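What the coordinates show
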Amino acid sequence: MDRLFIFDTTLRDGEQVPGCQLNTVEKIQVAKALEMLGVDVIEAGFPVSSPGDFHSVVEISKAVTWPTICALTRAVEKDIEVAADALKYAKKGRIHTGIGTSDYHIRHKFNSNQDEILERAIAATKYAKKYVEDVEFYCEDAGRTDNAYLARVVESVIKAGATVVNIPDTTGYCLPDEYGAKIKYLMEHVDGIHKAIISTHCHNDLGMATANTVQGVLNGARQVEVTINGIGERAGNTSLEEIAMIFKSHKERSIATNINTTKIYGTSRLVSSLMNMPIQPNKAIVGRNAFAHSSGIHQDGVLKNRESYEIIDPKDVGIDESAILLTARSGRAALKHRLCVLGVDLDQDKLDKVYQEFLKLADRKKDINDDDVLMLVGKDRTETHRIKLEHLQVTSGVGVQSVASVCLNLSGVKRFEAAAGNGPVDAGIKAVKKAINNDDMTIQEFLIQAINKGSDDTGKVHMQVAYQGNMYYGFSANTDIIAASVEAFIDAINKFII
Ligand code: KIV
Ligand code: ZN
């Protein structure tokens, strides 16, 4: 078996997605879950980009033991110095530096030429080598870079000391055979290629990130850059869970990863919940329907022999249908166990708080599922809010005008307001705007999603609110979807009303 290294960039490329930003505590939670999952490298952030990113790389370096911690930089000395500083507590640290190598980048982004860019690539690699032994170099937009020039860059950075060379299909443009041929070309034409590991980094703009990554591996790449649930810029990155299960299922390819696949489901749910990023129901491996057989013929076949229609045993990815159900009679230990399966480790204080919220929810809802549990864990994010919803009452129905009254707590001062609207959500949001005396924001996106099924289910609301040229994201979950909508709006406005 050949070893394939898993480089997870959920906390860097994934976290760049608007609305997916995490605070440091949440990032540490994800990093620990990734460690339990068995990833080899965690790309923890882009330290020069913000003090928050710098701090997160520092704290993740302290919190995590086994995986290499990687920090992204441009081919700029200052970036590299800041990254090296952020990595000072990492047991194994890697600097990931690089520059655009396609003509689009060289001509239009840098107004430069191939020779100058090659010099900058070599200089950045040598500079990073002064700080750490493990230096990864990325050739941004390698997918659209001429192969002969790409080979020159790869050869030069390996000579300069790069231990890993990343070949990103930054725009998700390549076809699988093209991307595979690119990796093959490098394997055959670069002098010294075996002194470094070649890495894939594929985006999903044409829905081919996973196929391209597989072709990259079959042609010689031995590191894959992936994210949980495939989250990432635009259409996302290659999904970790898909690559792990592809090579686990196709043993004849003799490629092995270190992923403990039974941790996939919990990690996927944790990331989805913390990043407020729903998973499409038909998503391979982790979607709600990934193992649901609805047609009679399939159900009959699966009952006779699971393998007639299932290529993966759900237990292999951590889905345990016989898991203990959580209800109002469940104790702390059952809740703690479920959280642990989902990759969440809480101290006693936090567990007590979540348990109290759990009991309240269990009074309103018969069975509490994993999404509910993760939603409760995230609930204390609103504790620091300056604007809090204390009370909401709405009348609505057929043939009556919707009216809402709210009581907001504005840093300790209570404000009551009422407003009418064309529906209960409109009325509630208008009342909030009156209470804060500000009507300048507009809702750009509004998504209501049931967690499971049944009329007693919890509804999740995702909202984008535009204010003074910027976009802010709000989220809430509640068994009352009107309340969830108003809470999501308040979550968003807390990010800009100071
Ligand atoms: O997609 C890309 O090219 C990247 C690089 C910064 C590695 O994310
Ligand atoms: Zn990327």
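Note that the structure is a prediction, hence the values are computed from the model and not measured. (Residues numbered from 1 in each chain as written. Chains lettered and ligands numbered in written order. Predicted model: local features only at pLDDT ≥ 70, side-chain atom pairs only at ≥ 80, totals over all residues. Heavy atoms only, no water.)

Let's talk about helix α9 (residues 209-218)
With 7 of 10 residues buried, α9 lies mostly within the body of the structure. Of all the residues in α9, the buried ones are Ala209, Thr210, Asn212, Thr213, Val214, Gly216 and Val217. Count one or two residues on from α9 and you reach Gly220, which has phi positive near 130°. (Buried < 20%, exposed > 50% of the residue type's maximum accessible area, 1.4 Å probe, protein only. Helix = DSSP H or I, 4+ residues; strand = E, 2+ residues; numbered from the N terminus.)

Overview of the coordination of the zinc ion (ligand 2)
Each protein donor to the zinc ion (ligand 2) is listed here as Asp13 (OD), His201 (NE2) and His203 (NE2); together their distances run 2.0 to 2.1 Å. Here the donor residues of the zinc ion (ligand 2) are spaced in sequence according to D-x187-H-x1-H. Residue His201 is classed as buried on the basis of its relative accessible area, which comes to 5%. The exposure class assigned to His203 is buried, which follows from its relative accessible area of 4%. (Donors = N, O, S within 2.8 Å, 3.2 Å for Na, K, Ca; no water.)

Digging into the packing of helix α6 (residues 114-129) against helix α7 (residues 147-159)
Where α6 contacts α7, the axes come no closer than 9 Å and their chain directions differ by 25°. On the basis of their axis angle, the class for α6 and α7 is roughly parallel. Here the hand of the crossing between α6 and α7 comes out right-handed. On the side of α6, the interface is formed by Gln114, Asp115, Ile117, Leu118, Ala121, Ile122 and Thr125, while α7 contributes Tyr149, Arg152, Val153, Ser156 and Val157. A class-by-class count of the residues in the contact of α6 with α7 yields 7 nonpolar, 3 polar and 2 charged. (Axes fitted to C-alpha atoms, helices over the stretch in contact; angles between N-to-C directions. Parallel < 35°, antiparallel > 145°, perpendicular 65-115°, else oblique. Left-handed = near helix turned anticlockwise from the far one by under 90°. Contact = heavy atoms within 4.5 Å. Nonpolar A, V, L, I, M, F, W, Y, C, P; charged D, E, K, R; others polar.)

Considering the pairing of strand β13 (residues 413-421)
Pairing analysis gives 9 bridges linking strand β12 (residues 402-410) to β13, with the strands arranged antiparallel. For Ser402, the partnering residue across the bridge sits in β13 and is Gly421. The antiparallel pairing of β12 with β13 creates a hairpin that spans 2 residues between the two strands, and Ser411 there sits at a positive phi of about 50°. (Pairing = 2+ DSSP bridges.)

Some details on the domain arrangement of the protein chain
In terms of domains, the protein chain is made up of domain 1 (2-274), domain 2 (296-380) and domain 3 (385-493). In this structure, domain 1 and domain 2 have C-alpha centres spaced 32 Å apart. At the interface, 13 residues of domain 1 touch 16 residues of domain 2. Carbon and sulfur atoms make up 60% of the surface buried where domain 1 meets domain 2, a total of about 1200 Å² over both sides. On the surface where domain 1 and domain 2 come into contact, there are 0 salt bridges. Linking domain 1 with domain 2 are 5 residue pairs in polar contact (both at pLDDT 80 or more). Contributions of two or more residues to the side of domain 1 that touches domain 2 are made by α2 (24-37), α10 (240-249) and α11 (264-274). Per-element accounting of the side of domain 1 that touches domain 2 gives the leading share, 6 residues, to α11. For the side of domain 1 that touches domain 2, the residue count by class is 5 nonpolar, 6 polar and 2 charged. (Domains from an automatic or database assignment. Buried area = accessible area lost by both parts, 1.4 Å probe. Salt bridge = Lys/Arg side-chain N within 4 Å of Asp/Glu carboxyl O. Polar contact = N/O pair within 3.5 Å; in protein donor to acceptor, adjacent residues only side chain to side chain.)

Looking at the site of ligand 1
Every residue near ligand 1 is listed here: Arg12, Asp13, His96, Tyr138, Glu140, Asn166, Pro168, Thr170, His201 and His203. Arg12 places a polar side-chain atom, nitrogen or oxygen, 2.9 Å from an oxygen atom of ligand 1. Between ligand 1 and the protein, one listed contact pairs an oxygen atom with a side-chain N or O atom of Asp13 at 3.2 Å. Taking 260 Å² as the accessible area of ligand 1 by itself, protein coverage stands at 92%. At the level of elements, α1 (10-14), β6 (134-140) and β7 (164-169) are the ones that each hand at least two residues to the shell around ligand 1. Residues that form the shell around ligand 1 fall into these classes: 2 nonpolar, 5 polar and 3 charged. (Near = heavy atom within 4 Å. Areas by Shrake-Rupley, 256 points an atom, 1.4 Å probe, with all protein chains shown as cover.)

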